[in-house]
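Fold and geometry: a report
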Amino acid sequence: MASITTSGARKGATVPPSPTPRVGGGKRVRRGSARTFWLFAGPFLAGLGIFVYVPVGWSLYLSLFQAQNTVTPTKFVGLANYVDILTQGPFTDSLWTFTVFAVIVVPLTYVLALALALLVHRIRVARAFFRSVFFIPTACSYVVASMIWKLSIFNGVRFGLANTVLGWFGIDPVAWIGTVSPPWYWMVLVTVRLWLQLGFYMILFLAALQEIPRELYEAAWTDGARPGWQTFRHITLPQLRTTSVAVLLLLLIAAYQAFDEFYNLLPNTPYARPPLVYLYYTALGQGQDFGHGSAGALVLSALITIVTLVQGRILGFGKAES
């Protein structure tokens with residue numbers, strides 16, 4: 001009976017057809033993947049080429065010509081624009097202005113951002129609130145912040161916030177922006193930059209602090225290390241090495257690119273012009289000297305690249321953690 005049943009089942013069963021191998025299926029999959037790649041990456045690559053590489057190439061072309069009030073020059077001057085930029089005073093003076101700004105802003109931002117990150121990391125109550133409060137200024141426009149600093153906090157009249165505080169101690173009002181000696185305008189420039197960027201770098205340090213294993217601190221306390229400076233110096237700071245190098249590189253590049261606060265706080269003031277402000281007035285001012293402006297922009301780009309590579313080399317950016 002078992003054999004009959006089995007035989008009947010075999011006779012009534014439908015045998016599925018054997019799959020037919022598809023010819024060229026792998027090619028169709030590859031073509032579909034290529035179309036998907038270009039669908040997503042194509043607009044980005046097109047925008048990168050149109051808005052980055054084409055302008056850079058056109059700037060290189062303009063820098064080799066005498067291009068005043070025209071973007072289609074005909075008089076070829078070779079490297080004369082580069083020689084003028086590097087030998088004339090205004091551009092080199094702007095580099096010194098940047099140097100002063102970077103020497104002040106980069107260490108201050110690093111130290112204050114790390115201190116804020118340590119404080120917020122130690123807080124047990126309302127940590128998300130303090131993290132948000134310190135990060136919110138990052139979303140503020142540099143132009144808006146510069147106007148607030150200029151018209152409300154450091155406006156130079158008796159009723160400005162800074163002069164009001166000084167008046168409580170019997171100190172006369174200070175023309176913060178208009179005073180060259182002593183250069184009080186540096187306080188305005190530095191404080192607005194600190195307020196705008198501290199929160200961003202605090203978040204970077206905070207993320208790095210949360211990745212440090214708790215076991216390292218427990219082992220240090222077992223060995224007799226005291227909580228505070230000892231653990232910070234021998235555990236926390238070495239564990240933040242990669243983040244610290246990245247933060248310093250970002251701060252230096254951001255200092256090179258300083259424009260909005262200088263342009264809005266100190267308009268038409270030759271004594272405090274960083275490179276971008278000088279190049280803006282050179283290329284887009286009354287003279288519209290696109291040749292010298294393009295040459296200066298390329299020199300500045302090369303300088304940023306060289307300084308960044310040297311700084312990364314010195315600080316060991318990209319090296320594996322020991």
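Each chain carries its own residue numbering, running from 1 in the direction its sequence is written. Where totals are concerned, whole chains, interfaces and linings use all residues; where local detail is concerned, this predicted model gives features only for residues with pLDDT of at least 70, and gives and counts side-chain atom pairs only at 80 or more. For side-chain calculations, the full set of non-hydrogen atoms in the structure is used, while hydrogens and water are omitted.

Regarding the overall build of the protein
Inclusion rule: Secondary structure follows DSSP: runs of H or I at least 4 residues long count as helices, runs of E at least 2 residues long count as strands, and numbering of each begins at the N terminus. Categorising residues by exposure relies on relative accessible area from a 1.4 Å probe, with only protein chains included: less than 20% of the type maximum marks a residue as buried, more than 50% marks it as exposed, and the intermediate range marks it as partly exposed. By definition, residues are in contact when any of their heavy atoms lie within 4.5 Å. Note on areas: Shrake-Rupley with a 1.4 Å probe; residue coverage comes only from the protein chains shown.
A tally of regular secondary structure across the protein gives 14 helices and 0 strands. Along the protein, helices and strands appear, N-terminal first, in the series α-α-α-α-α-α-α-α-α-α-α-α-α-α. Within the protein, the proportion of its 322 residues that are buried is 34%. At a minimum sequence separation of 6, the contacts of the protein that also span at least 24 residues come to 67%. Accessible surface, the protein: about 20,100 Å² in total, of which carbon and sulfur atoms supply 68%.

Notes on the packing of helix 6 (residues 142-153) against helix 8 (residues 185-210)
How we decide: Note on definitions: angles span 0 to 180 degrees between N-to-C directions of axes, and those axes are lines fitted to C-alpha atoms, for helices only across the stretch in contact. Under this scheme an angle from 65 to 115 degrees is roughly perpendicular, one under 35 degrees roughly parallel, and one over 145 degrees roughly antiparallel; angles in between are oblique. Crossing handedness: left-handed means the near helix sits turned counterclockwise from the far one by under a right angle, and right-handed means the same turn made clockwise. Each residue gets one of three labels, nonpolar for Ala, Val, Leu, Ile, Met, Phe, Trp, Tyr, Cys and Pro, charged for Asp, Glu, Lys and Arg, and polar for the others, Gly among them.
One way to put it is that helix 6 packs onto helix 8 with a least axis distance of 10 Å and a crossing angle of 135 degrees. Considering their axes alone, helix 6 and helix 8 lie oblique with respect to each other. Viewed along their axes, helix 6 and helix 8 form a crossing whose handedness is right-handed. The residues of helix 8 that touch helix 6, namely those facing Tyr 142, Ala 145, Ser 146 and Trp 149, are Val 188, Thr 191, Val 192, Arg 193, Trp 195, Leu 196 and Gln 197. Across the contact of helix 6 with helix 8, the residue classes break down as 7 nonpolar, 3 polar and 1 charged.

Details of the environment of Val 299
Tracing the sequence through the fold places Val 299 in helix 14 (residues 290-315). Spatially, the C-alpha atoms of Val 299 and Ile 85 are 8.7 Å apart, while their sequence positions differ by 214 residues. Dropping the residues within four chain positions of it, Val 299 is found in contact with Tyr 82, Leu 86 and Phe 91.

A word on the nonpolar core
Threshold: Side-chain atoms within 4.5 Å are what join buried Ala, Val, Leu, Ile, Met, Phe, Trp, Tyr and Cys residues into a set we call a nonpolar core.
Ranked by size, the top nonpolar core spans 63 residues in total, and within it Phe 101, Leu 189, Phe 205 and Leu 265 carry the most contacts. In terms of residue count, helix 8 provides more of this core than any other element does, 15 residues in total. Ignoring anything within four residues of it in the chain, the contact list for Phe 101 reads Trp 186, Leu 189, Arg 193, Ala 255, Ala 258, Glu 261 and Phe 262.

A word on the pattern of salt bridges
Quick note on the threshold: Counted as salt bridges are all cases of a side-chain nitrogen of Lys or Arg within 4 Å of a carboxyl oxygen of Asp or Glu.
As enumerated under the stated definition, the model contains 1 salt bridge in all. Among the ionic pairs, Arg 193 bridges to Glu 261, the shortest N-O distance being 2.8 Å. Note that Arg 193 is positioned in helix 8 and Glu 261 in helix 12 (residues 260-265), a separation of 68 residues in sequence. Comparing Arg 193 with Glu 261, the two get one shared label, buried.

Points about the packing of aromatic side chains
For clarity, the threshold we go by: Pairing of aromatic rings covers Phe, Tyr and Trp, the last counted by its six-membered ring, and requires centre-to-centre distances within 6.5 Å; plane angles under 30 degrees mean stacked, over 60 mean edge-to-face, and any other angle means tilted. Two thresholds decide whether a charge sits over a ring: the Lys NZ or Arg CZ must be within 6 Å of the ring centre and within 35 degrees of the ring normal.
Summed over all chains, the structure comprises 22 aromatic pairs. Judged by centre distance (5.2 Å) and plane angle (75 degrees), the ring pair of Phe 101 and Phe 262 falls under edge-to-face. Residue Phe 101 is located in helix 4 (residues 89-122), and its partner Phe 262 is located in helix 12; the two are separated by 161 residues in the primary sequence. With respect to burial, Phe 101 and Phe 262 carry one shared label: buried. One aromatic cluster in this structure is built from Trp 58, Tyr 61, Phe 65 and Phe 76. The ring of Tyr 281 is capped by Arg 273, whose NZ or CZ atom sits 4.3 Å from the centre of that ring.

Describing the packing of helix 4 against helix 8
Contact pair helix 4 / helix 8: the axes reach a minimum separation of 7 Å and the direction vectors enclose 45 degrees. Overall, the two elements helix 4 and helix 8 adopt an arrangement that is oblique. For helix 4 against helix 8, the interelement crossing comes out right-handed. Class assignment for the residues of the contact of helix 4 with helix 8 results in 23 nonpolar, 5 polar and 1 charged.

Quick look at the side chain of Ser 146
Locating Ser 146 in the fold gives a position in helix 6. Apart from the residues within four sequence positions on either side, Ser 146 is in contact with Val 192, Asp 260, Glu 261, Asn 264 and Leu 265.

Topic: the environment of Arg 158
Position of Arg 158 relative to the elements: it lies in the loop between helix 6 and helix 7 (161-168). Note on Arg 158: relative accessible area 61%, which makes it exposed. Once the C-alpha coordinates of Arg 158 and Val 174 are considered, the two residues, 16 residues apart in sequence, prove to be 8.5 Å apart. In contact with Arg 158, other than residues within four places in its own chain, are Asn 163, Thr 164 and Pro 173.

Here we look at the confidence of the model for the protein
Detailed reading of predicted coordinates is not advised where the pLDDT is low. As a reminder, the rule being used: Each residue carries a pLDDT score, the predictor's confidence in it, ranging from 0 to 100.
Summarising the model, the protein shows a mean pLDDT of 83, and 89% of its residues fall at 70 or more. By mean pLDDT, helix 1 (residues 2-12) is the weakest element of the protein at 46, and helix 8 is the strongest at 92. The model gives residues 1-11 a pLDDT under 50, and that stretch makes 0 contacts with residues more than four places away or in other chains.

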